[in-house]
Amino acid sequence: MQYANTIHMVRENMLNLRGFLHSFHTYGIYAFKDLIIRRVIAPLSSLTHDRRLPKLLECIKTLTPTSERFLLIILDSCRYDVFSIFAPKFFIGHVRMVRSEGSFLPDWVPLFLKTISCKGPVRIFRAICKIKPHDLRLVNFCANIKGVEIVVVEPKNGLVAQPQEVNESVLKFGLAAKNVVWYMQPHFPWTLCPEITSKLLRLFMMYEFISPSLAGKLAEYAVNREQVTRCYIKNLLLVLKEVYKLLSTLNKEYNIFSGYKVVMSADHGELLGEYGMYFHPPGYKLPQLTIVPWMEIHDLA
C-alpha cells in the first residue's frame, strides 16, 4: 500500500511536458511562473507545516457518530489567518488550523458529502452563486450518496445568495439532527464592494481557464492587493454577523450550544495577491488555499 501511494504521489507531481509546452506557447513567462509555484513553492511550503496539520475530513468524521447532533457551518473560501482574527469577536471557542484536501470545491466536495452522511441522514443548506462556472450544485455530486437532503438557497437579487437569505431558509425548514449550513461568503463576489467586484467580475469568470499568474497580473491592472484584502474582510465580517444572528435565534429555539455540537470551518481558502495570484485556482496546494479554520463554538461572545 505504501509503495502504491508513493507511485501515485510521483505520478501526480510529474511534469506534463506536452501540456507545459502548450501553456508556455500560449502564456509565455507566466506559464513558467505557474510551474514554479505549483511544483516547487507549494510542495516546499507543505513540508514546513501543512502535513503536520489534521485533515479537515478527519475532523468532520468526529461529528458523525450515530447519536451525535451537530451543526457544521461552512464559510466558502475562508482563510484561517483572517478568520482567526475576527471570529473570536463574535463567538467563544478555540480556533485551530486544519488542512483541506482541495484548493477549490470540486476537489473536496465528493468526499465531504460521503463523509458527512456516513452515519445517517444530513440536511445541507447550500447558498448558490450564479456566476458561471461557479454555479456548482451539490446535487450533481450526490449520484451515489444516500442520506443527503439539500436545501438550495437561491439569490433573491444579484449574483449570490446573501447570508440573511441562508438564515431565513434555516429558520423556515428548521434543523434536523445533523446539519450543514453553507454560506457563500467570504467568497467573491464581494457584496459590500460593488465597484471592486465589477472590475474583477469578468476575470473571475475565466481565471480557472487561463494562467493564474496571468490572471493575477490582469487583476492588478484594475485593483491592488490592499483593496482586495479590504473587500474580502468586509465580506467575512458580513457573514460572521449573520452567523451570530442565526446562532442567537437557534439558541432560543433549540438550546443549540447544549443540544448540538456547533462547528465553523471552510472548504478551502483564498489567495489575496500572494505569489501574484488571486481567488483559488484549482490544483495549487498553497497554504493560503489549503489551511482553513476549525472552530468549535461553545457560546456567543
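Everything numeric here is computed off the predicted structure, so don't read it as measured data.

1. Section: the overall build of the protein
Helices and strands together make up the secondary structure of the protein, namely 12 helices and 9 strands. Across the 301 residues that make up the protein, the buried fraction comes to 51%.

2. Considerations on the confidence of the model for the protein
Taken as a whole, the protein shows an average pLDDT of 88; of its residues, 90% reach a score of 70 or greater. Low confidence marks residues 1-14, where pLDDT is under 50. Its contacts with residues over four positions away, or in another chain, come to 3 contacts.

3. Some words on helix H8 (residues 194-206)
For H8, with 13 residues, the first-to-last C-alpha span of 19 Å sits near the 18 Å given by 1.5 Å per residue. The largest bend along H8 measures about 45° and falls at Leu 200. Within H8 the residues assigned to the buried category are Ile 196, Thr 197, Leu 200, Leu 203 and Phe 204. Elements in contact with the buried residues of H8: helix H9 (212-222), helix H10 (225-254) and strand S8 (278-279).

4. Overview of the side chain of Glu 165
Mapped onto the elements, Glu 165 comes out in helix H7 (residues 163-173). Aside from chain neighbours lying at most four places away, what touches Glu 165 is Val 153, Glu 154, Pro 155, Lys 156, Asn 157 and Val 160.

5. Focus on the nonpolar core
In terms of nonpolar packing, the biggest core is built from 85 residues, with Leu 72, Leu 75, Phe 91, Phe 112, Leu 200 and Leu 247 touching the most fellow members. Looking at this core element by element, the count peaks at 10 residues for H10. Other than its neighbours up to four places away in sequence, Leu 200 contacts Phe 188, Trp 190, Ala 219, Val 223, Val 228 and Phe 279. With 7 residues, the next largest nonpolar core counts Ile 37, Ala 42, Tyr 284 and Leu 286 among its residues.

6. Some words on empty space enclosed by the protein
A complete count under the given rule lists 2 cavities of 30 Å³ or more for this structure. Lining the largest cavity are 13 residues, and of these Leu 105, His 134, Leu 136, His 187 and His 280 sit closest to its centre. Classifying every residue of the lining of the largest cavity gives 5 nonpolar, 4 polar and 4 charged. If you go around the second largest cavity, the residues you meet are Tyr 207, Pro 212, Ala 215, Met 277, Tyr 278 and Pro 281. Taken together, the residues of the lining of the second largest cavity break down into 6 nonpolar, no polar and no charged.

Calculation criteria
Residues numbered from 1 in each chain as written. Predicted model: local features only at pLDDT ≥ 70, side-chain atom pairs only at ≥ 80, totals over all residues. Heavy atoms only, no water. Helix = DSSP H or I, 4+ residues; strand = E, 2+ residues; numbered from the N terminus. Buried < 20%, exposed > 50% of the residue type's maximum accessible area, 1.4 Å probe, protein only. pLDDT = per-residue confidence, 0-100. Contact = heavy atoms within 4.5 Å. Expected span 1.5 Å × (residues − 1). Bend = angle between axes of the 7 residues up to and from the residue. Core = buried A, V, L, I, M, F, W, Y, C linked by side-chain atoms within 4.5 Å. 1 Å grid on protein atoms, 1.4 Å probe; cavity = no way out; pocket = protein on both sides within 12 Å on 5 of 7 lines; lining within 4 Å. Points joined across faces, edges and corners; volume = space filled by probe spheres on them. Nonpolar A, V, L, I, M, F, W, Y, C, P; charged D, E, K, R; others polar.

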